Every structure is written in structure tokens, then in C-alpha cells.
Amino acid sequence: MSIVLAVLAAAAATSPAPADPRAAQEIVRQCEGKEDFSDPAPPARIFGNTWFVGTCTVSVLLVTGPEKHVLVDAGMEDAVPQVLANVRKLGFDPKDIGLIVSSHEHFDHVGGLAALQKATGARFVATAAAAKVISSGKISPADPQAQEIPGSPKARVDHIVRTGDVMSLGPLRLTAFATPGHTEGSTSWYWKSCEGTDCRTVTYIDSLTALPLGTYRFADHPDRVAMFRSTFAQVEALECGILLTPHPSASAMFERMSGTQPLADPAACKTLAAGARDRLEKALTK
């Protein structure tokens with residue numbers, strides 16, 4: 001993790017101003033009380049060339065370049081038309097999306113992947129563990145949620161990534177680092193976004209939630225518990241810069257985008273990891 005720590009440690013301590021607070025406030029207004037993974041939300045610029053194009057409860061991000069763009073996560077299958085419409089509403093052509101990366105291999109984050117690949121022609125990359133699930137469409141039997149969640153439409157995986165791998169598209173550089181626990185293939189990403197000369201690290205931390213479904217008990221799976229604890233320690237040590245998460249509510253994304261909370265908080269990763277650790281400990285006692 002030294003590569004990741006060295007880069008993220010350069011993040012500035014002061015919080016930048018939200019890029020588009022009015023658009024973010026409109027997201028908050030339209031999404032109030034909505035909990036479905038596909039409830040539509042308008043798009044908004046987060047900072048620099050990083051944009052939100054997802055739904056009320058599931059993040060899909062667009063990182064734009066001078067010619068080609070990157071999509072971070074794919075959302076639900078039935079949310080794909082909305083994601084594409086949000087990209088167009090921002091003035092970008094979905095056909096210019098050349099790369100898709102993902103957080104983890106659950107239906108609410110990769111369910112729309114196959115449809116987005118067809119609509120954009122983009123390449124998709126994932127870790128080996130995530131690729132096995134995504135290419136088969138079947139949830140890993142070791143997944144703590146496997147008993148109660150569906151798989152996803154099969155999707156093509158064009159390249160396998162590991163921690164420290166940098167995916168380049170023109171001047172865009174996104175670096176992967178594995179954060180397993182929520183799933184075996186959980187992957188986080190970071191990149192640079194700039195507002196003029198103000199350049200910030202944007203860190204997309206995958207879900208850290210220990211959520212057992214059905215008869216799954218974490219106390220029966222010490223290997224999974226150790227996986228989580230290692231990831232918590234890794235995330236806790238990061239200087240996040242601007243923290244983004246696959247579910248906006250996990251990190252008060254909309255509140256920070258709209259200016260009611262600082263967009264960047266030096267303690268953001270520590271706070272996220274501490275909350276996740278507490279949830280795991282509670283799950284272990286049940």
C-alpha cells in the first residue's frame with residue numbers, strides 16, 4: 001500500500017468549494033425519502049472533471065477527459081437509460097466513454113454494466129475475484145449476502161487489475177487498490193481532478209459494510225473478518241482528499257456536494273473506517 005499512501009498523502013488539507021451546489025441541492029430535493037436503487041437523480045459536477053450521473057442511492061461517476069471519458073460503476077440494469085441521459089444532459093456523448101471501472105460485484109453496482117458496454121463500446125476492468133462473478137453473472141457462494149441477493153447480467157471483462165495498477169485514458173489516470181471484505185473483489189480507486197490550478201485527489205472507497213444476510217454469521221468466518229479488518233486499517237491510514245462512495249449516504253456525499261458539509265475532510269477516511277469497524281463488531285456479537 002506504500003504506492004497508494006504516497007500519492008494520497010499529497011492531498012491538500014483545506015476543503016475546496018463545491019463545484020455545483022445548486023445542482024447538488026436539487027439532487028437532495030428530488031431524492032428526499034427515496035430509497036430504491038433506481039430512483040432517478042439529476043446529474044451534478046462534484047469537482048473539476050468528476051461528475052455524479054447516478055441515482056438517488058447508488059453512485060455512478062463520470063471522469064471526463066479532453067476526448068475520452070471514464071465511468072466509475074454502472075448502477076442497476078434498469079437505471080442505465082437514466083445514467084446515459086445524465087451523461088448527455090451534462091453535454092457529453094456516451095460513445096466517448098472509453099473505460100468503465102467498478103467498486104464491487106453486486107447487482108446494484110454492475111447490473112447495468114453489460115448494457116453500458118453495449119451503449120458505449122467501453123472497455124471494462126476488474127480484479128480477478130470480481131471478474132469471476134461479473135463474467136458468470138453469479139454471486140460468489142462465499143459472499144455474506146449470497147443467500148438473499150440476485151446475480152447480474154453477464155458482462156465482459158477486458159483486463160484484470162491489481163493494487164497499484166494505473167488505468168490510463170488519454171491524460172486521465174485512475175489507480176486501483178483492493179479493499180476486500182464487502183465482497184472478495186471490492187476495489188477502490190483514486191485520481192486527480194482540477195479546478196483551474198487547484199488539483200485535488202478524489203478517492204472512491206468501496207463499500208466497507210459488514211452485512212450478513214440469511215443464515216450467514218461473521219463469527220463462523222474468521223477469514224472474512226480478518227479481510228475486513230485489514231481493509232479497515234488500510235482505509236483508516238489514507239488521506240482521502242475528496243471522499244466518494246458507491247452509496248452516497250455512506251459518506252454524506254450529497255450534503256458535501258451541496259455545501260452543507262465540507263467537500264473534503266482530512267478525517268473522512270478515518271471516520272468511514274471507524275463506522276464500518278463498529279458495524280462489524282456489532283455483527284460479530286449477534
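Calculation rules
Residues numbered from 1 in each chain as written. Predicted model: local features only at pLDDT ≥ 70, side-chain atom pairs only at ≥ 80, totals over all residues. Heavy atoms only, no water. Helix = DSSP H or I, 4+ residues; strand = E, 2+ residues; numbered from the N terminus. Rg over C-alpha atoms; globule rule 2.2 N^0.38 Å. Buried < 20%, exposed > 50% of the residue type's maximum accessible area, 1.4 Å probe, protein only. Contact = heavy atoms within 4.5 Å. Lys, Arg positive; Asp, Glu negative; His and termini not counted. Charge placed at Lys NZ, Arg CZ, Asp CG, Glu CD. Salt bridge = Lys/Arg side-chain N within 4 Å of Asp/Glu carboxyl O. Pairing = 2+ DSSP bridges. Axes fitted to C-alpha atoms, helices over the stretch in contact; angles between N-to-C directions. pLDDT = per-residue confidence, 0-100. Parallel < 35°, antiparallel > 145°, perpendicular 65-115°, else oblique. Left-handed = near helix turned anticlockwise from the far one by under 90°. Nonpolar A, V, L, I, M, F, W, Y, C, P; charged D, E, K, R; others polar. Core = buried A, V, L, I, M, F, W, Y, C linked by side-chain atoms within 4.5 Å. Arc of directions from axis to C-beta.

Enquirer: Could you clarify how one ought to interpret the overall build of the protein chain in this entry?
Expert: A tally of helices and strands in the protein chain yields 9 helices and 12 strands. Whereas a compact globule of 286 residues would reach a radius of gyration of roughly 19 Å, the protein chain reaches 17 Å, a difference of no more than 12%. Here the C-alpha coordinates of the protein chain stretch approximately 50 × 40 × 40 Å along the principal axes. For the protein chain, buried positions account for 54% of its 286 residues. Counted over contacts in the protein chain with a minimum sequence separation of 6, partners at least 24 positions apart contribute 67%. Across the protein chain, 27 positive and 30 negative side-chain charges occur, with their mean positions spaced 3 Å apart.

Enquirer: Looking at this structure, how should I read the pattern of salt bridges?
Expert: Between side chains of opposite charge, a pair can form when the charged atoms approach closely. The full count for this structure, using the stated rule, is 9 salt bridges. A salt bridge links R200 to D198; the nearest nitrogen and oxygen atoms lie 2.9 Å apart. With relative accessibility at 8%, the residue R200 sits in the buried group. Put simply, E281 and R229 hold a salt bridge, and the shortest N to O gap is 2.8 Å. A residue pair is termed long-range when its members are at least 10 positions apart, and E281 in helix α9 (residues 268–285) and R229 in helix α7 (residues 222–236) qualify at 52 residues. Judged by relative accessible area, R229 falls into the partly exposed class, the value being 40%.

Enquirer: Can you help me understand the sheet that holds strand β10 (residues 187–195) in this one?
Expert: Strand pairing within a sheet occurs via backbone hydrogen bonds; the two strands may be parallel or antiparallel. Strands sit in the order β8-β9-β10-β11-β12 across an open sheet of 5 strands; the sheet is mixed. Because the sheet does not close on itself, it has two edges, and the strands there are β8 (166–169) and β12 (242–244). Between one strand and the next, the sheet's axes are offset by a mean angle of 25°, whatever the strand orientation. Bridge count for strand β9 (residues 172–178) against β10 is 4 bridges, and the pairing is antiparallel. Bridged to F177 within β10 is S188.

Enquirer: I keep staring at the confidence of the model for the protein chain and nothing clicks. Help me out?
Expert: Reading fine detail from the predicted coordinates is not recommended where pLDDT is low. Across the protein chain, the average pLDDT comes to 95, with 95% of residues at or above 70. In this model, residues 5–12 is a region of pLDDT below 50 whose contacts with residues beyond four sequence positions or in other chains number 14 contacts.

Enquirer: Whenever I open this one, the pairing of strand β11 (residues 198–204) confuses me. Can you help?
Expert: On any regular strand, side chains alternate: one points to one face of the sheet, the next to the other face. Counting buried positions along β11 gives 5 out of 7 residues, so the element sits mostly inside the fold. Bridging between β10 and β11 involves 7 bridges; their strand directions are antiparallel. Directly across from C194, in β11, lies its bridge partner C199. The antiparallel pairing of β10 with β11 creates a hairpin that spans 2 residues between the two strands, and G196 there sits at a positive phi of about 65°. As paired elements, β11 and β12 share 3 bridges and run parallel to each other. Pairing of Y204 across the sheet is with L244, part of β12.

Enquirer: Just checking my understanding: could you explain the sheet that holds strand β5 (residues 97–101) for this structure?
Expert: Read across the open sheet, the 7 strands follow the order β1-β2-β3-β4-β5-β6-β7; overall the sheet is mixed. The open sheet has two edge strands with one neighbour each: β1 (44–47) and β7 (159–160). Sitting on the sheet, helix α6 (residues 128–136) touches β6 (123–126) and β7, and the angle it makes with β6 is about 125°.

Enquirer: Please clarify how the packing of helix α3 (residues 80–89) against helix α5 (residues 113–120) should be interpreted in this entry.
Expert: When two helices pack together, you describe them by how their axes are tilted relative to each other and by the distance separating the axes. Packing of α3 against α5 leaves a shortest axis separation of 10 Å and a crossing angle of 40°. Comparing the axis directions of α3 and α5 gives the class oblique. The way α3 lies across α5 gives a crossing that is right-handed. In contact with V80, V83 and L84 of α3, α5 contributes A115, L116, A119 and T120. Taken together, the residues that form the contact of α3 with α5 break down as 6 nonpolar, 1 polar and no charged.

Enquirer: Can you help me understand the nonpolar core in this one?
Expert: Most often, soluble globular proteins keep nonpolar side chains buried together rather than apart. Core analysis: the biggest nonpolar cluster contains 34 residues, and F52, V72, W189, W191 and M257 have the highest contact counts within it. Apart from the residues within four sequence positions on either side, M257 is in contact with P18, D20, P21, A24, I27, A44, I46, F52 and L263.

Enquirer: Would you explain helix α2 (residues 21–31) in this entry?
Expert: An α-helical segment advances 3.6 residues per turn. Residues three or four places apart therefore align on the same side. All of the buried residues in α2 are A23, A24, I27 and C31. Considered in projection along α2, the buried side chains sweep an arc of 100° and stay on one side of the axis. In α2, the exposed positions angled more than 90 degrees off the buried face are occupied by R22 and R29. Those residues of α2 that are buried are in contact with β1, β2 (50–52) and α8 (253–257). Directly after α2, the chain includes G33, whose backbone phi takes a positive value near 80°.

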